[in-house]
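Descriptive analysis of the structure
The primary structure of each chain is shown beneath.
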Amino acid sequence: MGYRSGMKRRIAIGAGLAAALLGAGLFAPAAGAAERRLTVVVLFTSQGCSSCPPADEYLGELAGRNDVLALSVHVDYWDYVGWKDPFAKSAHTERQRQYQSFFNIRYIYTPQMVIQGASQVIGSKREDVAAKIADAARLPQLPVTLARAGDTLAVRVAPAADGIAAADSAVWLVAFDDRHETRVKRGENGGRTIVNRNVVRRFDLLGTWNGGAFAAEAKVPPAEAGGGTAVLVQSLGTGRILGAARLAPGG
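Attention here is on the structure that accompanies the text. Bear in mind that the values here come from a model prediction, so they are computed numbers and not experimental data. (Residues numbered from 1 in each chain as written. Predicted model: local features only at pLDDT ≥ 70, side-chain atom pairs only at ≥ 80, totals over all residues. Heavy atoms only, no water.)

The next subject is the overall build of the protein. For the protein, the count of helices and strands is five helices and twelve strands. Every one of the 251 residues in the protein was classed for burial, and the buried ones make up 51%. Here the contacts in the protein between residues at least 6 apart in sequence split such that 70% fall between residues at least 24 apart. Accessible surface, the protein: about 11100 Å² in total, of which carbon and sulfur atoms supply 51%. (Helix = DSSP H or I, 4+ residues; strand = E, 2+ residues; numbered from the N terminus. Buried < 20%, exposed > 50% of the residue type's maximum accessible area, 1.4 Å probe, protein only. Contact = heavy atoms within 4.5 Å. Areas by Shrake-Rupley, 256 points an atom, 1.4 Å probe, with all protein chains shown as cover.)

Our next topic: the pattern of salt bridges. Here the structure, examined in full by the defined rule, presents nine salt bridges. A salt bridge links Asp135 to Arg138; the shortest N-O distance between them is 2.6 Å. Using a relative accessible area of 62% as the deciding quantity, one classes Arg138 as exposed. Across the pair Asp177 and Arg201 runs a salt bridge whose closest N-O atoms are separated by 2.5 Å. With Asp177 in strand β8 (residues 169-183) and Arg201 in strand β9 (residues 193-209), this residue pair connects regions lying 24 residues apart in the sequence. Taking relative accessible area as the criterion, Asp177 reaches 3% and is therefore assigned buried. (Salt bridge = Lys/Arg side-chain N within 4 Å of Asp/Glu carboxyl O.)

Following the criterion strictly, the structure yields one cavity of 30 Å³ or more and no others. Space inside the largest cavity adds up to approximately 60 Å³. Residue lining of the largest cavity: Val42, Leu71, Val73, Arg95, Tyr99, Phe203, Leu232, Gln234 and Ile241, and that is the complete set. Every element with two or more residues in the lining of the largest cavity is listed here: β3 (68-74), α4 (90-103) and β11 (228-235). Partitioned by chemical class, the residues of the lining of the largest cavity number seven nonpolar, one polar and one charged. (1 Å grid on protein atoms, 1.4 Å probe; cavity = no way out; pocket = protein on both sides within 12 Å on 5 of 7 lines; lining within 4 Å. Points joined across faces, edges and corners; volume = space filled by probe spheres on them. Nonpolar A, V, L, I, M, F, W, Y, C, P; charged D, E, K, R; others polar.)

Further remarks concern the packing of aromatic side chains. The full count for this structure, using the stated rule, is five aromatic pairs. Ring geometry for Phe44 and Tyr99: centres 5.9 Å apart, planes at 65°, overall edge-to-face. Pair noted here: Phe44 is in strand β2 (residues 39-45) and Tyr99 is in helix α4, with a separation of 55 residues, a long-range link. Classification of Tyr99 as buried rests on a relative accessible area of 5%. Seen from their ring centres, Tyr99 and Phe103 are 5.8 Å apart, and the 15° between their planes marks the pair as stacked. One end of the pair, Tyr99, and the other, Phe103, are both in helix α4, four residues apart, so they sit about a helical turn from each other. Considered together, Tyr99 and Phe103 belong to a single accessibility category, that of buried residues. Ring pairs connect the aromatic residues Phe44, Tyr99, Phe102 and Phe103, which therefore count as one cluster. Its guanidinium or amino end placed over the ring of Trp172, Arg95 lies 4.5 Å from that ring's centre, counting from NZ or CZ. (Phe/Tyr/Trp six-rings, centres within 6.5 Å; stacked < 30°, edge-to-face > 60°. Lys NZ or Arg CZ within 6 Å of the ring centre and 35° of its normal.)

What follows is about unusual backbone geometry. Across the junction of Thr110 and Pro111, the peptide omega takes the value -5°, indicating a cis bond. With phi around 55°, Gln116 is a residue other than glycine that occupies positive phi space. With respect to the helices, strands and loops of the structure, Gln116 is situated in the loop between β4 (112-115) and β5 (119-122). The residue Asn198 is not glycine, and still its phi comes out positive at about 50°. Structurally, Asn198 can be placed in strand β9. Judged by its relative accessible area of 5%, Asn198 falls in the buried class.

Let us look at the nonpolar core. Grouped together as the largest cluster of nonpolar side chains are 23 residues, with contacts concentrated most on Val40, Leu69, Leu71, Val174 and Leu232. Broken down by secondary-structure element, the contributors of at least two residues to this core are β2, β3, α4, β8, β9, β11 and β12 (241-247). By residue number, the principal contributor to this core is β8, which donates four residues. Each residue touching Leu232, except ones within four places of it in the same chain, is listed here: Val40, Leu69, Leu71, Ala170, Val171, Trp172, Val174, Ile241, Gly243 and Ala244. Of all hydrophobic cores here, the second largest spans 20 residues; its members include Val144, Leu206, Phe214 and Ala245. (Core = buried A, V, L, I, M, F, W, Y, C linked by side-chain atoms within 4.5 Å.)

Okay, structure coming up:
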């Protein structure tokens, strides 16, 4: 089953309940979640890649920006070179391969940064990345609202408007760890200590948005290493991020 067709089939249940709870005022909105526009920067990286640490460092700097959701996604195709990245997953490699199709590029590579799902660049080229972030920040975005009650998260996505047309889009719940420091013992980075920020541990599909109002609920993923939670609305046809919101760590 293909990546996009698999996403379309994995539709979550519970949108009606989430909408009712939100309407009844039983959830407290995450502070600033609806107001702040986020540009999503995804770094495909590996602890086994000798050219990745400069991009990892830059992503760490981007993680400190309020207008950027910086995510470190570790792929597994470097694991054979003497060091198995503890955060790498084959599903992350498959996600990167989908971007290869979206961007019509010949191969996948690390360190690759994907900005708002709309463009890609070598992650260590700071000026190029900064320019693409500035370009992406001007794209129209769907308002995404998160609200939390205990360990339950309610998600709302606004109907299509303001330059965003209806399009089949995945609504992803993303769980990530704030910071990991790893002493790499073997491979291309053997002997180095690598710091990774906003390390993605899981992508869970909440459902699909296709132009109308969307509501769903989910359990907030358990926090690891000061973990965070975000929601992304991503076009299945182009890979572009149409809207995003995040909860602050511990929020």
